[in-house]
Amino acid sequence: MLTSPLVLAGAGPGGLAALPQAAPRLQSLLALPATTELSQLAAQSVEPDQLMAALQGHRGGALVALEQDPGRWLPAGTRWAEVLGAWRQPTLLLVTADDATSGLAAAYTALLDRSTVPLLGLVQWGGSWDGPARACEGLPWLGALQPGDHGAAGAEVLLEALKLRWQRLTTL
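Our subject in this report is the structure included herewith. (Residues numbered from 1 in each chain as written. Predicted model: local features only at pLDDT ≥ 70, side-chain atom pairs only at ≥ 80, totals over all residues. Heavy atoms only, no water.)

1. Some points on the sheet that holds strand 2 (residues 62–66)
Now for step 1: Reading across from one edge, 2-1-3-4-5 is the order of the five strands in this open sheet, with parallel pairing throughout. Edge strands, defined here as strands with exactly one partner in the open sheet, are strand 2 and strand 5 (141–145). The sheet shows a mean angle of 25° between the axes of neighbouring strands, taken without regard to direction.
Now for step 2: Note that strand 1 (residues 5–10) and strand 3 (residues 91–96) share four bridges and pair parallel. Looking across to strand 3, one finds that Val7 is bridged to Thr91. (Pairing = 2+ DSSP bridges. Helix = DSSP H or I, 4+ residues; strand = E, 2+ residues; numbered from the N terminus. Axes fitted to C-alpha atoms, helices over the stretch in contact; angles between N-to-C directions.)

2. Some details on helix 1 (residues 12–29)
Now for step 1: Over its 18 residues, helix 1 runs 24 Å from end to end, which matches the ideal 26 Å to within 8%, given 1.5 Å per residue.
Now for step 2: All buried positions along helix 1 are accounted for by Gly12, Gly15, Ala18, Leu19, Ala22, Ala23, Arg25, Leu26, Gln27 and Leu29.
Now for step 3: Once helix 1 ends, the next one or two residues include Ala31, with phi positive near 55°. (Expected span 1.5 Å × (residues − 1). Buried < 20%, exposed > 50% of the residue type's maximum accessible area, 1.4 Å probe, protein only.)

3. Topic: the pairing of strand 1
The side chains of a regular strand alternate, residue by residue, between the two faces of the sheet.
Now for step 1: For strand 1, a buried count of six out of six residues is recorded, marking the element as mostly surrounded by other parts of the structure.
Now for step 2: Strand direction decides the pairing type here: strand 1 and strand 2, joined by five bridges, are parallel. When the sheet's bridge partners are listed, Ala9 is paired in strand 2 with Leu66.

4. Quick notes on the side chain of Thr91
Now for step 1: By the element assignment, Thr91 lies in strand 3.
Now for step 2: By relative accessible area, Thr91 is classed as buried at 0%.
Now for step 3: Among the polar contacts listed, one links the side chain of Thr91 to the backbone oxygen of Gln89, at a separation of 2.8 Å.
Now for step 4: Excluding anything up to four places from it in sequence, Thr91 contacts Leu6, Val7, Ala9, Leu84, Val117, Pro118, Leu119, Leu120 and Gly121. (Polar contact = N/O pair within 3.5 Å; in protein donor to acceptor, adjacent residues only side chain to side chain. Contact = heavy atoms within 4.5 Å.)

5. Thoughts on the pairing of strand 2
Now for step 1: Among the five residues in strand 2, five count as buried, and that is most of the element.
Now for step 2: Neither face of strand 2 is exposed, since Ala62, Val64 and Leu66 on one face and Leu63 and Ala65 on the opposite face are all buried.

6. Examining unusual backbone geometry
Note on backbone geometry: most residues besides glycine have negative phi, and most peptide bonds are trans.
Now for step 1: Positive phi, normally seen in glycine, also occurs at Arg88, with a value near 50°.
Now for step 2: Summarising the element assignment, Arg88 is placed in the loop between helix 4 (80–86) and strand 3.
Now for step 3: Arg88 sits in the partly exposed class, given a relative accessible area of 48%.
Now for step 4: The phi angle at Thr116 is positive, at roughly 55°, despite the residue not being glycine.
Now for step 5: Tracing the sequence through the fold places Thr116 in the loop between helix 6 (104–114) and strand 4 (119–125).
Now for step 6: Assessed through its relative accessible area of 44%, Thr116 is described here as partly exposed.

Shape descriptors only; they carry no functional weight alone.
The following block contains the structure:
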């Protein structure tokens with residue numbers, strides 16, 4: 001399904017704290033190979049363009065967790081979101097269940113949209129999924145993912161939604 005790397009960004013402190021658990025779970029769900037070199041670059045304080053060039057040069061699918069807030073100011077006077085948008089880097093946004101009902105998801109979606117990031121969608125981490133409530137928000141929610149192996153039915157729904165968004169993105 002994925003033919004190029006996908007960035008997983010956390011929304012706020014909760015989303016960032018959930019990345020170490022969520023990234024391997026999504027990687028497994030998407031049947032992606034381990035990409036330790038890209039993950040190590042993302043975890044280090046490398047120049048943003050160096051990380052983006054490595055992502056663009058990577059052949060095949062990969063999921064890379066961005067372990068810094070997408071709204072964080074960088075030394076060059078730009079934000080991660082602007083870097084992701086400038087490089088047209090497909091991105092998923094991880095939102096914890098506690099933050100899903102707050103304005104945090106909408107704020108991060110707006111930031112990424114303003115920065116022209118190809119946002120594939122939002123993934124709720126943990127908690128119970130309220131699809132009808134999320135649909136009323138008008139945000140690009142894909143579904144929920146549970147820690148561990150439980151919640152497999154929800155993971156399949158999320159995977160199908162992600163596939164559709166990926167196809168839409170690659171055909172534009």
